[in-house]
Amino acid sequence: MPRVGAQRGAAEAQAAARARSEGESAAVDRLATTVERLRMELEQAQAQAAGRAVVEMGVGVLVERLRCGPTEAARQLESLAEQAGVTVLALAADLVNQAAADEISALAREFVADASAPAAEAVAVRLRSAEADVLAGGDAAAAARSMLEHALRPLGASAVAIWAAHPDLSLSLAGSAGFPEEEARRWRHVPPGVPTPARRALDERAAIGYPTLAGASLPSIGQHEIHGGRLAVPAGVGGRLIGVLEICWPGTLPERPQPLQRQFEALAELAATTLESWSGQEPAACDPADAQFNELRQLTDGLLDPCMILRAAPDSVEFPPRFVIRHLNPAFVDFAGRPTGVITGTRLLEAYPLAAEPGGLADKVEHVFATGEPFRAQDMRLAALVDGVPLTTRAQVSISRHGSHLAVVWRLDDGTPRVARLLQHAQRLGRIGGFEENLRTRQIAWNETVFELHGLPPTAAPLALDQLPDHAHPDDRHAIDRFLRTLLHHRRPASTAFRLQRPDGVTHHIRVVAEPVRDPGSGLDGDAGSRLDSAPGSGLGTVRGAYQDISAQHWTEVALAATRDQLAQSEQQAAERSRLALQLQHAIMPPTRGPLDLHDLSVAVRYRPAEKDHLVGGDWYDTLALPSGDVLLCVGDVSGHGIEAATGMVALRNALRGLAATGAGPAQLLSWLNSVTHHLTDNVTATAVCGLYEPATRRLRWARAGHPPPVLLRGGRAAILPQLGGILLGAIGHADYEQGELVLEAGDTLVMYTDGLIERRDESLQASLTSLTALAEESRTGSATGSATRSAAGSDTGSANLEELLDHLLRYSNADTDDDTCLVGVMVR
């Protein structure tokens, strides 16, 4: 029995273990499912965010083109997409491509010409979505992920890497996607001389593709995981190559027709934009097996003081050895103002040649390396050269040996590095070079900038001051002579400007400034501004000063003078164009037109020009009795101002007159007028309201193209007619418009107007329309007394009331956009 009990207990334990194992497995499966679902939701949210960014850019384009608010622009974008039968995202990408002049827009145009419309739409949307996501992400890692998801996975790619190129021919992995995290860390730095696909693309300055990475026998990131094709595309900005975009496929490299190659080049351009702002610390070129150096580098990177790591040059066999600067920590500041990338990898005496002075930094480094004794100094002199000019500072210095390496730490006691950087940048930006001349020994010191200004190589002999007249323009010799007389004879600071004729035949405009440096042993008082009567040169040993290239300033002044003349001429031409536009507008549409009787209608018109003369607009109207017996009523507004808007207004007005003679309805007339605007005019868009009135039945048929709807006044109440569907004229090649219909009654008044009557910067369109109806009702109430008086006197009350209504609306309108305004009133008698 004990044995049976033991067996039963073992079986129960095994069953419990199996149950626990199955429960744990189910929990792991649920966790994996949850993680996968969250990952898919994150990718979907990122794609939607990129799509929203593209749509917002498209809305911005319409805001600029249509001169409307964002809400109206978004409505127009949706309406245009529906009319064109495309998605809002695709239409937004197309609008951005039309407005932009970049690689992506050019690529989209090529696809429209060479491929089907869906393929062109897909390319434009993919690239614009990738661009929006890259700009939103900001760093190279986010850029790589966005490019892979939006643009490269649809082309079959499985991974992408963005490499940053460095002056020492090394590469850093700025960002990647599709590779294991450990693989990306392993390839974070590629030393100089490693023949990777990215390095080959930089050397060839062209895109290089490999059918398979294994067949190319080149090392690269992911070489053990992704064995397929590789494409390396150089990434550059302004003619400078600053990195490489490397794309990986799981299979053989696909064919690359010209449009597809252009897509890769556009993505490389996006990668270059990201690399420009990439702030990754350039890793030190080191042997991964050198554990001691890695530990020392990690230690120094945590210091708050500037530190450099030195080692003896590998080819150095003599003693003392030559030391190479192998690493600079993030806190390192060069007191000569140079960037760390210029110093890393150079020899110590190449970066700091003045360190070789007796008892200087080089002596201390050699002593510590030879003996192993640490060196400490609370106050040590450090020296460097800035464009040939010595620069010194004082610092606390510590030197210690760590195996085959030396750690040099210094703490500067003033703002010398900042001053040095400011000096260097000021000289570069100002094109200024310094000089010093000993008048006794005839020794002359120029920095590199002065040699460049004179067009001479650094090995040439500098020019003495008294040789300047021989190298100046003949007309400037007198100015040079006065400068030398003031400086050398009167011993005062002097300056002058002259034209320097360089040996290469190029003439530069130069300003020279100099001052005498007194010899302390001459017994003079040292006042550089005093006039001395002693012989020239007595007590004067040295002259120092600076040359500045002012050619750009000179030619800027010349260009400004020419621009002033051209501006005056342009202003005169602009005034003439505005005058012609105004005359053309008034010839077609007088500002005030008395009542006109058309069958049983009384028609009155008011026009108010823009406050500024140069803003002659494109508002227009027309009332015309047609051969069919109907009456044409229309109001429109051409976008823009000036002669272009005025001529566009004339073209559309005359076109509608001709089309109306066909007897077609208002919706068909606007559809035809839209085609005329899109195909026969140059980038013209407009809004319009068109109505046809039948006197026999008093039926009004009307349609609108992006224009504010008319206002109907009946029985003392004002109402806005329905906002029928219809986009503005000229936006697309073909558009359909909704047509409305109503029957007018005797005494009804219809008001048609342009947006200059109601538009406010701080108010929505609906609020402006509500204010307009209130103003119209107020006008009818206020004119009741005047109407009764005129009726008793026997005057035409209908026409008078109509004109009073238009005057009231024009006078008390609260619009604030300073746009021109056209107002047409129609009263049924």
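Higher on the page you've got the structure.
The residue numbers shown here count from 1 along each chain, following its written sequence. Since the coordinates come from a predicted model, pLDDT governs what is reported: local features require at least 70, and pairs of side-chain atoms require 80 or more to be given and counted, while whole-chain, interface and lining totals use all residues. Here the side-chain values reflect all heavy atoms present in the structure, with hydrogen atoms and water set aside.

Enquirer: Looking at this structure, how should I read the sheet that holds strand E1 (residues 159-165)?
Expert: What holds strands together in a sheet is hydrogen bonding between their backbones, with the strands either parallel or antiparallel. Strands sit in the order E3-E2-E1-E6-E5-E4 across an open sheet of six strands; the sheet is antiparallel. Edge strands, defined here as strands with exactly one partner in the open sheet, are strand E3 (189-190) and strand E4 (208-210). Strand pairing is defined by DSSP finding a minimum of two bridges between the two strands. Where helices and strands are cited, they refer to DSSP runs of H or I of at least four residues and of E of at least two residues respectively, numbered from the N terminus. Examined bridge by bridge, E1 and strand E6 (residues 240-248) share six bridges and lie antiparallel to one another. Paired with Ile162 across the strands is Leu245, a residue of E6. The sheet strands contacting helix H6 (residues 140-152) are E1, strand E2 (171-177) and E6, and the helix crosses E2 at an angle near 45 degrees. Should any heavy atoms of two residues lie within 4.5 Å, those residues are considered in contact. To define axes, lines are fitted to C-alpha atoms, for helices over the stretch in contact only, and angles between the resulting N-to-C directions are given on a 0 to 180 degree scale.

Enquirer: So what exactly am I meant to see when it comes to the nonpolar core here?
Expert: Among soluble globular proteins, nonpolar side chains are generally buried collectively. Nonpolar cores were defined as sets of buried Ala, Val, Leu, Ile, Met, Phe, Trp, Tyr and Cys residues, with membership established by side-chain atoms within 4.5 Å. Here's how the labels work: a residue is buried when its accessible area is under 20% of the maximum for its type, exposed when over 50%, partly exposed in between, all with a 1.4 Å probe on protein chains only. Trp620, Leu669, Leu670, Leu673 and Tyr737 are the most contacted members of the largest nonpolar core, which has 39 residues in total. Secondary structure elements with two or more residues in this core: helix H1 (2-66), helix H2 (70-84), helix H3 (88-99), strand E20 (631-638), helix H20 (643-660), helix H21 (666-680), strand E21 (686-694) and strand E22 (699-705). For this core, the element with the most residues is H20, which contributes seven residues. Discounting chain neighbours no more than four positions away, the residues touching Tyr737 are Ala667, Leu670, Ser671, Asn674, Arg704, Ala705, Gly725, Gly726, Ile727, Leu728 and Leu729.

Enquirer: Before we go on, may I ask you to explain the packing of H20 against H21 in this structure?
Expert: Packed helices, taken two at a time, are described by the angle their axes make and the gap between the axes. Closest axis-to-axis distance for the H20/H21 pair is 10 Å, and the angle between their directions is 140 degrees. Relative to H21, H20 is oriented oblique. Remark: the crossing between H20 and H21 carries right-handed chirality. Contacts between H20 and H21 involve Leu652, Ala655, Leu656, Leu659 and Ala660 from the former and Leu669, Trp672, Leu673, Val676 and Thr677 from the latter. Gly counts as polar in this scheme, as do all residues outside two lists: the nonpolar Ala, Val, Leu, Ile, Met, Phe, Trp, Tyr, Cys and Pro, and the charged Asp, Glu, Lys and Arg. Among the residues making up the contact of H20 with H21, the classes are represented as nine nonpolar, one polar and no charged. Small angles under 35 degrees read as roughly parallel and large ones over 145 as roughly antiparallel, with 65 to 115 read as roughly perpendicular and the rest as oblique. Crossings are assigned a handedness: left-handed for a near helix turned anticlockwise from the far helix by less than a right angle, right-handed for a clockwise turn.

Enquirer: Mind showing me how you'd approach the packing of aromatic side chains here?
Expert: Given two aromatic rings, one states the distance between the centres and the angle between the planes to describe the pair. Only the six-membered ring of Trp is used, alongside the rings of Phe and Tyr, when aromatic pairs are assigned; centres must lie within 6.5 Å, and planes under 30 degrees apart are stacked while those over 60 apart are edge-to-face, with the rest tilted. Considering all chains together, one arrives at seven aromatic pairs under this definition. Pairing Phe323 with Phe369 gives two aromatic rings, centres 5.2 Å apart and planes at 80 degrees, and the pair type is edge-to-face. Of this pair, Phe323 sits in strand E8 (residues 323-328) while Phe369 sits in helix H14 (residues 361-371); the two residues are 46 residues apart in sequence, bridging distant segments of the chain. For Phe323, a relative accessible area of 6% corresponds to the buried category. Ring centres 6.4 Å apart and planes at 70 degrees place the aromatic pair Trp446 and Tyr547 in the edge-to-face group. Within this pair, whereas Trp446 is found in strand E13 (residues 444-446), its partner Tyr547 is found in strand E16 (residues 540-549), the two being separated by 101 residues in sequence. Across the pair, exposure class does not vary: Trp446 and Tyr547 are buried alike. Among the aromatic residues, those joined into a cluster by ring pairs are Phe435, Trp446, Phe451 and Tyr547. We call a charge positioned above a ring when the Lys NZ or Arg CZ atom is no farther than 6 Å from the ring centre and deviates by at most 35 degrees from the ring normal. The ring centre of Phe293 lies 3.9 Å from the NZ or CZ of Arg326, which sits over that ring.

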